Amino acid sequence: MRYYQSIFLFGGLFFCGVVPVASASDLLTQNSPAAEHRAAVMQARQGQYESALQRLLALVEAYPSRQNFLHDYISVLAWAGRDEEVLAQLPRVDLKQAPGRVLNVIGKAARNRQQPELAVKIYRAAIKQGEDDRQTTLGLALSLAEAGKMAVADNEMKALLKAAPGSVELLEALAYVKEADRDYAGAIAAYDRLLGIVPGYHAARRGRILNLMRLGATHEAARLMRSEADLFTTEEREQIAGHQAAAVIRWGRLPVVNPVDRHRDTDSAISLLQNRYEQMEDKTTIAALRNRFDLINAYRNRRYMREAVVLYERLREQGVKKFPSHVLAAAGEAYLSLRQPERAVVLLERSIKGYPDDLDAQYALYYAYLESGRYEKSLAHIDQLAVSLPQRKWLPGGREWQWSVDRLYARTVAAQARAYIGKLDVAEQRLRSLAAQAPADPDVRNALAGVVLWRGWPRQALNEYQMVLVQDPENLGARTGIARVMFSRGNVNGTDSRLGSLMRYYSDDPHIQDLARKVKVRDMREVWLGVNGGSGSSSYQGSSDLAIEGYYYDRPWRPGLRPFVFMLHSEADFFGKTASRDRLAAGLHYRKQDMTLRGSISDGDGSPGLSLQGDWMVTDHWSGQLSMDSFSHQTPLQAELSGVEAWSLSAGTEYRFHESRRVGLSGQHMDFDDGNQRHTLTAFGRQRLVKSLRYKLEGELTAYRQTNSADDAAYFNPSRQNSVELGLNNEWQTLHRYDKSLHQRLLINLGVSDQLGFDTELIWRVGYEHHWSFSQQLSLSYGINRARPVYDGKQEYITRGFMNIYARF
């Protein structure tokens, strides 16, 4: 055996005497290769790595066949911590011939450079070379764990521990393998075994606490960390505190038995994060930034949306450019809640790009598209999400499966999406299909109830919500839905009672807040003012006319009961003669479930008047109206020139199939004090013909018949008049943003009028209107129309305009 093989010392290096320093090339020419080799090794042994490596590299280049030079060169590279250069020599190494000690060095370098697959290959080669000692096998086990081959790594560790069950080194390695497998309970068990042998072993005590944190026992980890703070760096202590806060944030999103406690954990997390941040001396560390990220999430969960946005913007101003996906999602949801959907879209898209499995962010992005008016994009997004989710999920163990709740919910939201763009029939059809597949799912039932309510069927909606409450009496969606049903039916006491109960614990819920706003607006003072007028060639309607009428409703005196004042002024010029009518009325308006009653007393030009009116929603489809006016405002204004007055009795009924179709019939009897008796009968049918994202077309067919008993009245009073009209109402949604909207309407009516004694004539009317909604408290509409009516066989032309203002305060 050669001498350089027999005197191998630490790490594969040789030791001989002290060697004077000289350049590698000079020494190589002066000394024999063996002497030069010994000198290089000695330099390495003294920590002079650079000089030693230069000399060894010169030997390797000069004597490529001398593998021992290469092996020691690799060993010194590893000793110097130059792992990448160690691996660079691998093509020169014959794995079948290289000593196991050299392969161990290369395997360790591969592990250090995070190339576990290569490390496994090297260690297995070492074992084949007969280097099957504990260190080599241990290196293989650790490499296998790092490569994700946990079962094989675990088997290797079991074999090692069987031979040396009390080895501290092996137990520490076992804990490492368990950590790599995210088996934190197994890692804790390994550390417990180790501490049973060496109770004061710091690394084991420290590892045990860190794994408690990873396992989710963050409060216990924090408690132990405080008692053994010297085992941890400042950053690690901040990490444990951060994990503790993050765990509390997650707990805050879990259901609670008592609603009083629903924000307990989240509030605790916010307090914990704020206090911890104040205690940090250096607020530029990663731990400090993580603290701020967690606080944004906590604010979002607590629905402190403005605070979440302020903190996010502050971090951006401080130069933070890269945010984790979950923080982008939280900030995006906060912007969406604050009615800034365009900014929400940007953040949520970035969040999902980084972490597409965040379903909450996926749904938030759908709503952001919807609220920003990108309807096509919102539909495409939610439909794609519903399709992408698996239909089934395998239960732990892989032997049984269950239907995917995530996919069912996504399909539910996708069905609701059709309702938001006006396709209520499609939404209902899809939701009924889902309800048939999952009849006990509360999300499907609540969604179906909401769509049914929008279609105008509150009783059906109530039944759906009650079915949910039978299974889950505390279901928030169903409880809120029932309050909405009561609101739509005019049940003031029921709405207020249920809303009060919901607001007690869920005042931050957006759906409850929306209902609370509507209830608040309902009880406000109310003003409606309408002005209309026009000019034309009609001798019966007047060459020009003007009408102003308005209502003022005070705040309710008691639930459902409120006083009002009504004012009317109308005038018309009948070719030199002006007729006018002024009335002032005061009355009471009473609303209870499914019924509205109104009564008033009026005075002004002419006799005092009494007006009574009632509306009743008999079923979800049938409704009826009945009214009586002792001084009818429908008396032709031309009759004022002769001092003629009339009282009227009206009744009507309507059948509402759904939001797109209805038919109705109404009749009126008017008794004029000049002896004339007038009877009118009106029937109509209305059908929506086109429903698209921003355009609707509705058709209406109206039949009208009027008869009068007097032939010589001083106003237009045909013995019999029949008319049939077909109307088309074109409506474009020009603007829509939350409560603000603008709709344009183009109305076209065409029909025929048949008056006894005259030929049947064509009649028509064309109108253009704007309908603005600025908020739930203010709206404005105005328009102009041109019409051609027929009176006594004579065609007339009339141009009219109107403006209506509605406000609550």
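Residues numbered from 1 in each chain as written. Predicted model: local features only at pLDDT ≥ 70, side-chain atom pairs only at ≥ 80, totals over all residues. Heavy atoms only, no water.

1. Examining the overall build of the protein
As a reminder of what qualifies: Only runs of H or I of at least four residues qualify as helices and only runs of E of at least two qualify as strands under DSSP, and these elements are numbered from the N terminus. Note on method: radius of gyration uses C-alpha positions; expected globular size equals 2.2 Å times residues raised to 0.38. To sort residues, take the accessible area from a 1.4 Å probe on protein chains only and compare it with the maximum for the residue type: under 20% means buried, over 50% means exposed, and anything in between is partly exposed. Contacts are assigned to residue pairs that have any heavy atoms within 4.5 Å of one another. To be clear on the numbers: accessible area is Shrake-Rupley with a 1.4 Å probe, and residue cover counts the displayed protein chains and nothing else. Under the convention used here, Asp and Glu are negative, Lys and Arg are positive, and both His and the chain ends fall outside the count. To locate a charge, take atom NZ for lysine, CZ for arginine, CG for aspartate or CD for glutamate.
For the protein, the count of helices and strands is 29 helices and 22 strands. Relative to the globule expectation of 28 Å for 809 residues, the C-alpha radius of gyration of the protein, 43 Å, shows a markedly less compact shape. In the protein, which comprises 809 residues, the proportion classed as buried is 46%. Long-range contacts, defined as pairs at least 24 residues apart, comprise 51% of the intrachain contacts of the protein with a sequence gap of at least 6. Surface summary for the protein: the accessible area is close to 40,400 Å², and the carbon and sulfur share equals 54%. When the 102 positive and 94 negative side-chain charges of the protein are each reduced to one mean point, those points stand 5 Å apart.

2. Concerning the pairing of strand β13 (residues 661–672)
Put simply, the rule is: Two strands qualify as a pair provided that DSSP identifies no fewer than 2 bridges between them.
Sheet topology note: the strand β12 (residues 646–658)/β13 ladder contains 12 bridges and is antiparallel. Bridging from a neighbouring strand, Gly-652 pairs with Ser-666 of β13. If you look at the hairpin formed by β12 and β13, you'll find two residues sitting between the two strands. Two elements, β13 and strand β14 (residues 677–691), share 11 bridges in a ladder whose sense is antiparallel. Bridged to Gly-664 within β14 is Phe-684.

3. Notes on the packing of helix α8 (residues 116–128) against helix α9 (residues 134–146)
This is how the line gets drawn: The axes used here are C-alpha line fits, helices contributing only the stretch in contact, and every angle between their N-to-C directions lies in the interval 0 to 180 degrees. Oblique is the label for every angle not falling under 35 degrees (roughly parallel), over 145 degrees (roughly antiparallel), or within 65 to 115 degrees (roughly perpendicular). By the definition used in this description, the sense in which the near helix is turned from the far one sets the handedness, with an anticlockwise turn below a right angle giving left-handed and a clockwise turn giving right-handed. Three categories are distinguished: nonpolar for Ala, Val, Leu, Ile, Met, Phe, Trp, Tyr, Cys and Pro, charged for Asp, Glu, Lys and Arg, and polar for the others, with Gly belonging to the last.
Relative orientation of the contacting elements α8 and α9 amounts to 155 degrees, with a least axis distance of 8 Å. Relative to α9, α8 is oriented roughly antiparallel. Judged by the twist between their axes, the crossing of α8 over α9 is left-handed. Here α8 contributes Pro-116, Ala-119, Val-120, Tyr-123, Arg-124, Ala-126 and Ile-127 to the contact with α9, which in turn contributes Thr-136, Gly-139, Leu-140, Ser-143, Leu-144 and Glu-146. Here the contact of α8 with α9 is composed, by residue class, of eight nonpolar, three polar and two charged.

4. Comments concerning the packing of aromatic side chains
We count it as follows: Aromatic rings from Phe, Tyr and Trp, taking only the six-membered ring of Trp, are treated as a pair when their centres fall within 6.5 Å; an angle between ring planes under 30 degrees marks them as stacked, one over 60 as edge-to-face, and anything in between as tilted. The criterion for a charge sitting over a ring is simple: Lys NZ or Arg CZ within 6 Å of the ring centre, and within 35 degrees of the ring normal.
One pass over the structure, following the stated rule, counts 21 aromatic pairs. Their ring planes at 55 degrees and their centres at 5.9 Å tell us that Tyr-49 and Trp-79 sit as a pair that is tilted. Remark: Trp-79 occurs in helix α5 (residues 67–79) and Tyr-49 occurs in helix α4 (residues 49–62); sequence separation between them is 30 residues. Summarising the aromatic geometry, the rings of Tyr-420 and Trp-454 are spaced 5.5 Å apart at their centres and angled 55 degrees between planes, so their arrangement reads as tilted. Placement of Tyr-420 in helix α23 (residues 405–420) and of Trp-454 in helix α25 (residues 442–454) is noted, with a sequence separation of 34 residues between them. Through a chain of ring-to-ring contacts, the aromatic side chains of Trp-528, Tyr-551, Tyr-553, Phe-564 and Phe-566 assemble into a single cluster. Looking at Lys-283, its charged tip hangs above the ring of Tyr-277, at a distance of 5.2 Å from the centre. When the ring centre of Phe-564 is taken as reference, the NZ or CZ atom of Arg-598 above it lies at 5.8 Å.

5. Some remarks on the side chain of Thr-495
Tracing the chain through its elements places Thr-495 in helix α28 (residues 492–506). Overall, the relative accessible area of 0% leaves Thr-495 in the buried class. In this structure Thr-495 touches Ala-483, Met-486, Phe-487, Val-519 and Arg-522, once residues within four positions along its chain are discounted.

6. Regarding the nonpolar core
The following threshold applies: Only buried Ala, Val, Leu, Ile, Met, Phe, Trp, Tyr and Cys residues count toward a nonpolar core, and they belong to the same one when joined by side-chain atoms within 4.5 Å.
Counting 54 residues, the largest nonpolar core has Ile-74, Ile-106, Leu-138 and Met-157 as its most contacted members. Top contributing element to this core by residue count: α8, with seven residues. Residues contacting Leu-138, with those up to four places away along its chain left out, are Met-157, Leu-160, Glu-169, Leu-170 and Ala-173. Counting residues in hydrophobic clusters, the runner-up holds 38 residues, among them Ala-269, Tyr-299, Leu-348 and Tyr-738.

7. Here we look at the pattern of salt bridges
Stated precisely, the cut-off is as follows: Should a side-chain nitrogen of Lys or Arg be within 4 Å of a carboxyl oxygen of Asp or Glu, the pair is scored as a salt bridge.
This structure, assessed with the given rule, holds 42 salt bridges. Among the ionic pairs, Arg-459 bridges to Asp-620, the shortest N-O distance being 3.2 Å. Within this pair, whereas Arg-459 is found in helix α26 (residues 458–471), its partner Asp-620 is found in the loop between β10 (609–617) and β11 (622–629), the two being separated by 161 residues in sequence. Put simply, Arg-745 and Glu-731 hold a salt bridge, and the shortest N to O gap is 2.9 Å. Within this pair, whereas Arg-745 is found in strand β17 (residues 740–755), its partner Glu-731 is found in strand β16 (residues 720–737), the two being separated by 14 residues in sequence. A relative accessible area of 25% means that Arg-745 is categorised as partly exposed. On the accessibility criterion, Glu-731 (16% relative accessible area) is buried. Taken together, the shared-partner salt bridges in this structure form one network comprising Asp-154, Lys-158, Lys-178 and Asp-183.

8. Observations concerning α26
Our working definition: The span you would expect from a helix comes to 1.5 Å times its residue count less one. In this context, the arc is that of the directions from the helix axis out to the C-beta atoms.
Under the 1.5 Å per step criterion, the end-to-end length of α26 is 21 Å for 14 residues, consistent within 8% with the ideal 20 Å. Listed as buried for α26 are Pro-458, Ala-461, Leu-462, Glu-464, Tyr-465, Val-468 and Leu-469. Viewed along the axis of α26, the buried residues span an arc of 165 degrees, placing them on a single side of the element. Those residues of α26 that are buried lie in contact with α24 (424–437), α25, α27 (476–488) and β10.

9. Some points on unusual backbone geometry
Trans peptide bonds make up the majority, and among non-glycine residues the majority have a negative phi. In this structure, Arg-339 takes a positive phi of about 65 degrees despite not being glycine. On the secondary structure map, Arg-339 appears in the loop between α19 (325–337) and α20 (341–354). Looking at Arg-339, the relative accessible area reads 35%, which means it is partly exposed. Positive phi is not limited to glycine here, since Asp-594 has a value of about 65 degrees. Locating Asp-594 in the fold gives a position in the loop between β8 (577–592) and β9 (595–604).

10. Quick look at the packing of α19 against α20
Where α19 contacts α20, the axes come no closer than 8 Å and their chain directions differ by 160 degrees. Relative to α20, α19 is oriented roughly antiparallel. For the element pair α19 and α20, the recorded crossing hand is left-handed. Facing α19, whose interface residues are Ser-325, Leu-328, Ala-329, Ala-331, Gly-332, Glu-333, Tyr-335 and Leu-336, α20 presents Pro-341, Arg-343, Ala-344, Leu-347, Leu-348, Arg-350, Ser-351 and Gly-354. Along the lines of polarity and charge, the residues of the contact of α19 with α20 split into nine nonpolar, four polar and three charged.

11. Concerning the environment of Ile-106
For Ile-106, the position within the fold is in helix α7 (residues 100–112). Each C-alpha atom of the pair Ile-106 and Ser-75 lies 8.5 Å from the other, and the pair is 31 residues apart in sequence. Ignoring any residue separated from it by four or fewer positions in sequence, one finds Ile-106 in contact with Ile-74, Val-86, Leu-87, Leu-90, Val-93 and Ile-122.

12. Focus: the side chain of Gln-755
Relative to the helices and strands, Gln-755 resides in strand β17. Residues contacting Gln-755, with those up to four places away along its chain left out, are Phe-716, Pro-718, Arg-720, Gln-721, Tyr-791, Asp-792 and Gly-793.

13. Looking at α25
Its 13 residues give α25 an end-to-end C-alpha distance of 18 Å, which sits within 8% of 18 Å, the value for a rise of 1.5 Å per residue. Among the 13 residues that make up α25, 10 are buried, leaving the element largely enclosed by the rest of the structure. Among all positions in α25, only Val-444, Arg-445, Asn-446, Ala-447, Leu-448, Ala-449, Gly-450, Val-451, Val-452 and Leu-453 are buried. Those residues of α25 that are buried lie in contact with α23, α24, α26 and α27. Once α25 finishes, Gly-456 follows within two positions and takes phi at roughly 100 degrees, a positive value.

14. Quick look at the environment of Arg-808
Our working definition: By the criterion applied in these results, polar contacts are pairs of N or O atoms within 3.5 Å in which, for protein atoms, one can donate a hydrogen and the other can accept it, and in which residues neighboring in sequence qualify only through two side-chain atoms.
Structurally, Arg-808 is set in strand β22 (residues 798–808). Since its relative accessible area comes to 16%, Arg-808 is described here as buried. C-alpha of Arg-808 to C-alpha of His-658: the two residues are 150 residues apart in sequence and 29 Å apart in space. Discounting residues that sit within four places of it in the chain, Arg-808 has contacts with Val-521, Arg-522, Met-524, Arg-525, Glu-526, Arg-562 and Gln-777. Among the polar contacts listed, one links the side chain of Arg-808 to the side chain of Tyr-806, at a separation of 2.4 Å.

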